[in-house]
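Observations on the three-dimensional arrangement
Below are the chains, spelled out letter by letter.
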Amino acid sequence: MTTAVPPPSRTEILSLFRSLLRSARQFPDYNIREYTKRRTIDSFRDNKILSDPASIAAAFSEGKSQLEVAKRQAVVYSLYAPKIRSIMDIKQ
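Right, let's walk through the structure included here. (Residues numbered from 1 in each chain as written. Predicted model: local features only at pLDDT ≥ 70, side-chain atom pairs only at ≥ 80, totals over all residues. Heavy atoms only, no water.)

A short note on the packing of aromatic side chains
Rules: The criterion for an aromatic pair is that two Phe, Tyr or Trp rings (for Trp, the six-membered ring) have centres within 6.5 Å, with stacked assigned to planes under 30 degrees apart, edge-to-face to planes over 60 apart and tilted to the rest. Put simply, DSSP marks the helices as runs of H or I at least four residues long and the strands as runs of E at least two long, and each gets a number from the N terminus on. Think of it in three bands: residues with accessible area under 20% of the maximum for their type are buried, residues over 50% are exposed, and the middle band is partly exposed, with areas taken using a 1.4 Å probe on protein chains only.
Under the criterion given, the structure shown has two aromatic pairs. Summarising the aromatic geometry, the rings of F17 and F44 are spaced 4.9 Å apart at their centres and angled 65° between planes, so their arrangement reads as edge-to-face. Separated by 27 residues along the polypeptide, F17 in helix α1 (residues 10-25) and F44 in helix α2 (residues 30-46) bring together distant segments of the chain. We classify F44 as partly exposed; its relative accessible area is 24%.

Quick word on the pattern of salt bridges
How we decide: Here, a salt bridge means any side-chain nitrogen of Lys or Arg that lies within 4 Å of a carboxyl oxygen of Asp or Glu.
According to the stated counting rule, one finds two salt bridges in the structure shown. A salt bridge links K37 to E34; the shortest N-O distance between them is 3.4 Å. Placement of both K37 and E34 in helix α2 is noted, with a separation of three residues, approximately one turn of the helix. Notably, a salt bridge pairs R45 with D42, separated by 3.9 Å at the nearest N-O pair. Residue R45 and its partner D42 are both found in helix α2; the two are separated by three residues, about one turn of the helix.

Read these as spatial facts, not as claims about activity.
Next comes the structure, spelled out in structure tokens:
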């Protein structure tokens, strides 16, 4: 007998969204930082139309695993960050 996983609440989803955007800010490289931010926003926009609780729970689970990957990659990228800053970082 399988138990259905309840879909995440709106607060949990928004918290995941904010966490993903926060983890994007941790990347030292401008291009990777912007890519991560853009991918997060696009994924949430694409999944906005989901209505089935099982697919919402699956997308939420995938988002949480992507958050863990982003956190690990931010640490790795910070270890090997280039010594000179990107022109995009200097302009800001």
